[in-house]
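Notes for the structure review
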Amino acid sequence: MRFKNLLQCVEFLEKQGELIRIKEMVDPDLEMAEIHKRVFNAKGPAILFENVKATPFPALSNLFGTYERALKIFEPELTRVKSLVSLKSDPASFIKSPVKGFKALPSLINALPLKVKQGPVLQNRGKISDLPMIRCWPEDGGAFILLPQVFSCDPDDSGIMKSNLGMYRIQISGGEYIKNREIGIHYQLHRGIGNHHAKALKRGEPLKVSIFVGGPPAHTLAAVMPLPEGMPELSFAGALAGKRFRYCKRGGHVISADADFCITGRIVQGKTKKEGPFGDHLGYYSLEHDFPYLEVESLFYRKDAIWPFTVVGRPPQEDSVFGKLIHEITRPAVSVTIPGVTAIHAVDAAGVHPLLLAKARERYVPYGEKKPRELLTHASAILGSGQLSLAKYLLVAAHDDKPELDISNEMEFFVHFFERIDFSTDLHFHTCTTMDTLDYSSKGLNQGSKLVMVAAGEKKRELLKEKSGEIVINGHFSHVSLAGPGMLVIKGPLFIDYKKAVKEMELLARSFAGQKIMEHIPLVVVVDDSLYASSDFSTFLWTTFSRSNPSHDIYGAESFTKFKHWGCSSPLIIDARVKTFHAPPLISDKNVVKRVEKLGLRKGPLFGII
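An account of the accompanying structure is given in this report. (Residues numbered from 1 in each chain as written. Predicted model: local features only at pLDDT ≥ 70, side-chain atom pairs only at ≥ 80, totals over all residues. Heavy atoms only, no water.)

Some thoughts on the sheet that holds strand β2 (residues 46-49)
Whether parallel or antiparallel, the strands of a sheet pair through hydrogen bonds between backbone atoms. Heads up, the rule is: Paired strands, as defined in this entry, are two strands with at least two bridges between them according to DSSP. In DSSP terms, a helix is any run of H or I states spanning at least four residues, a strand is any run of E spanning at least two, and both are numbered starting from the N terminus. Axis definition: a line fit to C-alpha positions, over the contact stretch in the case of helices; interaxial angles, taken between N-to-C directions, run 0 to 180 degrees. Contacts were defined at the residue level, with two residues in contact if any of their heavy atoms lie within 4.5 Å.
The sheet built from 4 strands is open, its strands ordered β1-β2-β3-β20 with mixed pairing. Only two strands of the sheet have a single neighbouring strand rather than two, namely β1 (19-22) and β20 (307-309). Within this sheet the neighbouring strands show an average axis-to-axis angle of 20°, counted without direction. Where strand β3 (residues 59-61) and β20 come together, 3 bridges link them in parallel fashion. Each bridged residue has a counterpart across the sheet, and for S61 the counterpart in β20 is F309. Seen against the sheet, helix α1 (residues 6-15) touches β1, β2, β3 and β20 and runs at an angle of roughly 105° to β1.

And the structure:
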């Protein structure tokens, strides 16, 4: 749908029976987030909080809480944008399929941002403390803006088509920040604003930043899109909204004319303050670290302003729907932007960046025994491409071994992959490398390792499908479970340090020697609670890949190092126990949970929903 503003979207969803209003006063400190979590988990409607404590503004959450609701919001423009992305990736497709090209034309027209003199967002001015101070998790260091659209221009080229619009964490209370004058800005690696900040530092200038909140829903999605090179987010926002992105300028800052709120400020040279902690989308707290901050200049808001927010945590959450939309939009571009790669799937259940699955062509030697050769070339291309470079585990399967393999079906992919991998040759480590800022599986911030695993050719083994009493393990380990075919989960002793862990894993590996049953178990994962980790496949993926650092936590039966190549025989062992330096997992406040549960009782506003 074409929405001029967020209020229009709210009215549309209410008519569709996709929105509820909560008129009772709610507390932005933990309570609103807990309500959101409960409604999202129940696949419930969007929520308009009409009476938020200590602020004049209503707040909106769970707007994109189901994929079906997101399609209602974005269609039919979403289909046109898919055609535009496909056309951008392969211009020749216009000649091959003129119909597809003509479908993309309206989006192409709307992709050009429109400069205006005024906008509704400029109707009022306020201060940061007027805003809803939403805190989502008990250990969060303050309130955060949870759906920000952070805008910056290239200091070397301030043209609007060279701008960046991203969704970066914004802390608006707590910590060392001066109330109403300073707010934290946390951007992770490989983000466009980082390039702009680096250029500003080189020029000895502050970086001017604008933070938009609300506006047409398409603007929010645009801020999280990993777009093809040369397509600015403002263009995508206009194309998806079905309406050109309108902007104006005040005090040298770009203002989104149709946003509900706009904060302007500047990142000053060389200054940092502690930001965080914050309950993040991997399901753990990202801890307190030094980050730049914004010196606030102005806060603008429209007269009917609504404050949108979301809650992130262990997947699935509302941002999982964003991920699905992104996959749908960018799928046509994959094989063009990374030739030979036929599909890529960032696994939401594992926290997105910890686990990336891919299919690619294996054509280097089209005769004789098929081995992973070109797959390694494709793996390097994937890890050299934008935000895909943040992947920690990358598993690449040969496309032609099973062309119909559904890469989004993680269980199916894992079974296919582990039936074929050769652990003596097909493991390739990247050590002492840069990692996602939010990944705490290593001791150092932004530091860690990667593992590329590739598999091609005929099946090498049949996988164990039912738990067997034949499996014998070392006495330090217990509670054997199967998470899936050939995927064994074992409870290990409490992790003390890596010196002790190496000895424990070597003992476990030796205990597998000579056991015929282990020929059918290519993967063993050691955890603190094997019943929990194997309770469902999503939990298995989250536990395994968010809690392990490949260079430190990978072991194997009969492991060896030959000319700096590490390999092993089956099984591969991953130590996914909680380590002493890991960030704590996210747990809701019990008292807040009890308060929210009462809202679901008869005559409560959430009765019949949660």
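Some points on the pairing of strand β29 (residues 554-562)
Residues in a regular strand point their side chains to alternate faces of the sheet. With 7 bridges connecting them, β29 and strand β30 (residues 565-575) associate as antiparallel partners. Directly across from A557, in β30, lies its bridge partner S569. Here β29 hands over to β30 after 2 residues, with F563 in that stretch at a positive phi of 50°.

Thoughts on the pattern of salt bridges
Operational definition: A pair is scored as a salt bridge if a Lys or Arg side-chain nitrogen falls within 4 Å of a carboxyl oxygen belonging to Asp or Glu. The buried label goes to any residue with under 20% of its type's maximum accessible area, the exposed label to any with over 50%, and the partly exposed label to all in between, with areas taken from a 1.4 Å probe on protein chains only.
Counted under the stated rule, the structure contains 36 salt bridges. Between R38 and E597 there is a salt bridge; the shortest N-O distance is 3.6 Å. Of this pair, R38 sits in helix α2 (residues 31-41) while E597 sits in helix α17 (residues 590-599), and the two are 559 residues apart along the sequence. The class for R38 is partly exposed, based on a relative accessible area of 26%. Accessibility expressed as a relative area gives 40% for E597, which makes it partly exposed.

Examining the sheet that holds strand β13 (residues 253-256)
Ordered by their spatial adjacency, 3 strands build an open sheet running β4-β12-β13, and the pairing between neighbours is mixed. The two strands at the open ends of the sheet, each matched to only one other strand, are β4 (114-115) and β13. Relative to strand β12 (residues 246-250), β4 is paired through 2 bridges, and the arrangement is parallel. Following the sheet pairing, L114 is matched in β12 by R246.

Concerning the packing of aromatic side chains
Definition in use: Between rings of Phe, Tyr and Trp, where Trp is taken as its six-membered ring, a pair exists when centres lie within 6.5 Å; planes separated by under 30 degrees are stacked, by over 60 edge-to-face, and by other angles tilted. For a Lys NZ or an Arg CZ to count as sitting over a ring, it must be within 6 Å of the ring centre and within 35 degrees of the ring normal.
Going through the model one piece at a time under the given rule, you end up with 24 aromatic pairs. Arranged with centres 6.5 Å apart and planes meeting at 65°, the rings of Y168 and Y187 form a pair that is edge-to-face. With a gap of 19 residues between them, Y168 in the loop between β8 (164-166) and β9 (169-171) and Y187 in the loop between β10 (182-186) and α7 (192-203) connect regions that are remote in the sequence. As far as the burial class goes, Y168 and Y187 line up, both buried. Geometrically, the ring pair formed by Y393 and F545 is edge-to-face, given 4.9 Å between the ring centres and 75° between the ring planes. Here the residue Y393 occupies a position in strand β23 (residues 393-398), and F545 occupies one in helix α15 (residues 537-546), the gap between them amounting to 152 residues. Side by side, Y393 and F545 carry an identical accessibility label, which is buried. Three or more aromatic residues link up through ring pairs in this structure, and these residues are Y393, F413, F414, F417, F418, F423, F537, F540 and F545. The ring of W137 has K37 lying over it, and the distance from NZ or CZ to the ring centre is 3.5 Å. Above the plane of the ring of F495 lies K579, whose end atom (NZ or CZ) is 5.6 Å from the centre.

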